[in-house]
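Survey of secondary and tertiary structure
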Amino acid sequence: MKKLLLVLILGFVSLGANSGEDIYKAKCASCHAMKGMMDQTQMQAMRQKMQNATQEEKMAMREKMMRKMQKSKMKAPPMPMVSKRLKMMLKTREDFIAFVADYIQNPSKKKGFCMPMAYKRFGTMPPIGKTLSKEERAAVASWLYDNFKESWGKFMGGKMCEMKNKNMKCGAGKCGAVKIQTH
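Residues numbered from 1 in each chain as written. Predicted model: local features only at pLDDT ≥ 70, side-chain atom pairs only at ≥ 80, totals over all residues. Heavy atoms only, no water.

1. Regarding the nonpolar core
One finds Tyr24, Leu86, Phe99, Val100, Val140 and Leu144 to be the most contacted residues of the largest nonpolar core, which totals 22 residues. Where this core is concerned, the elements lending two or more residues are helix H2 (20-28), helix H5 (79-89), helix H6 (93-103) and helix H8 (134-147). If we skip the residues at most four places from it in the chain, valine 140 touches Gly20, Ile23, Tyr24, Cys28 and Ile104. (Core = buried A, V, L, I, M, F, W, Y, C linked by side-chain atoms within 4.5 Å. Buried < 20%, exposed > 50% of the residue type's maximum accessible area, 1.4 Å probe, protein only. Helix = DSSP H or I, 4+ residues; strand = E, 2+ residues; numbered from the N terminus. Contact = heavy atoms within 4.5 Å.)

Structure follows, in structure tokens:
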């Protein structure tokens, strides 16, 4: 009876240790923070300023943002933004989970969905998923999908970014974002 109880306790402990959130904290959180440099209100205020700014003011604001990012020592885009962007690009939960499970063990710029500025700033992530089992990769991917509820469009106020050419309002792939083929 004691052996059975010990096996059950160890089984529950190992299940808890492999939860998506635990894997995120152990493998992803050191680079992908849970929040960005700005909250919703600050982001909305910045968008408003950008809409009313001259080209020179817009460039100055972008430079200020880049300096702020460099000072923050961010190693990767915040995870809520990553999850929300993937949800925009991948329409189903199954596609999202399959993509993340594959991408974290075989990342590449060619199959990624990052904005060009993100690749320029952060590069391509290391293959941290190579040390995870198939079940662990699926668990963290599921947690990433389920944990962040808002879509990219809602989060960004319906705009992904504004390009220099006013005819280029960003949408999926219109701003130079790389599209991936899903499995």
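2. Here's the deal with the environment of phenylalanine 99
By the element assignment, phenylalanine 99 lies in helix H6. Between the C-alpha atoms of phenylalanine 99 and leucine 86, which are 13 residues apart in sequence, the distance is 8.9 Å.

3. Section: H6
When we look at burial in H6, the residues that qualify are Phe96, Ile97, Phe99, Val100, Ala101, Asp102 and Tyr103. Elements in contact with the buried residues of H6: H5, helix H7 (116-122) and H8.

4. Points about the packing of aromatic side chains
Summed over all chains, the structure comprises four aromatic pairs. A connected cluster of aromatic rings, assembled from ring pairs, spans Phe99, Tyr103 and Phe113. Residue placement shows lysine 87 over the ring face of tyrosine 145; its charged tip is 4.6 Å from the ring centre. (Phe/Tyr/Trp six-rings, centres within 6.5 Å; stacked < 30°, edge-to-face > 60°. Lys NZ or Arg CZ within 6 Å of the ring centre and 35° of its normal.)

5. Digging into the environment of valine 82
Mapped onto the fold, valine 82 is located in helix H5. Here valine 82 is in contact with His32 and Pro77, once residues within four sequence places are set aside.

6. A look at the packing of H5 against H6
Across the interface, H5 lies against H6 with an axial gap of 9 Å and an inter-helix angle of 125°. As the angle between them shows, H5 and H6 are arranged oblique. In the crossing of H5 with H6, the sense of the turn from one axis to the other is right-handed. Contacts from Ser83, Leu86 and Lys87 of H5 reach H6 at Phe96, Phe99 and Val100. (Axes fitted to C-alpha atoms, helices over the stretch in contact; angles between N-to-C directions. Parallel < 35°, antiparallel > 145°, perpendicular 65-115°, else oblique. Left-handed = near helix turned anticlockwise from the far one by under 90°.)

7. Points about a positive patch on the surface
A grouping of Lys49, Lys64, Arg67, Lys68 and Lys71 is seen on the molecular surface, where their side chains present a positively charged patch. It is helix H4 (residues 55-72) that contributes the most residues to the positive patch, four residues altogether. Mapping lysine 49 onto the fold places it in helix H3 (residues 40-52). Lysine 49 sits in the exposed class, given a relative accessible area of 57%. (Patch = residues over 30% accessible without salt bridge, like charges linked within 9 Å, V, L, I, M, F, W, Y side chains within 5 Å. Areas by Shrake-Rupley, 256 points an atom, 1.4 Å probe, with all protein chains shown as cover. Salt bridge = Lys/Arg side-chain N within 4 Å of Asp/Glu carboxyl O. Lys, Arg positive; Asp, Glu negative; His and termini not counted. Charge placed at Lys NZ, Arg CZ, Asp CG, Glu CD.)

8. Regarding the pattern of salt bridges
Enumeration according to the criterion identifies three salt bridges in this entry. Ionic pairing is found between aspartate 146 and arginine 93, a salt bridge with its closest N-O pair at 2.7 Å. With aspartate 146 in helix H8 and arginine 93 in helix H6, the pair connects residues that are 53 residues apart, well separated along the chain. Using a relative accessible area of 34% as the deciding quantity, one classes aspartate 146 as partly exposed. Residues lysine 111 and aspartate 102 are paired through a salt bridge, measuring 2.6 Å at the closest nitrogen-oxygen approach.

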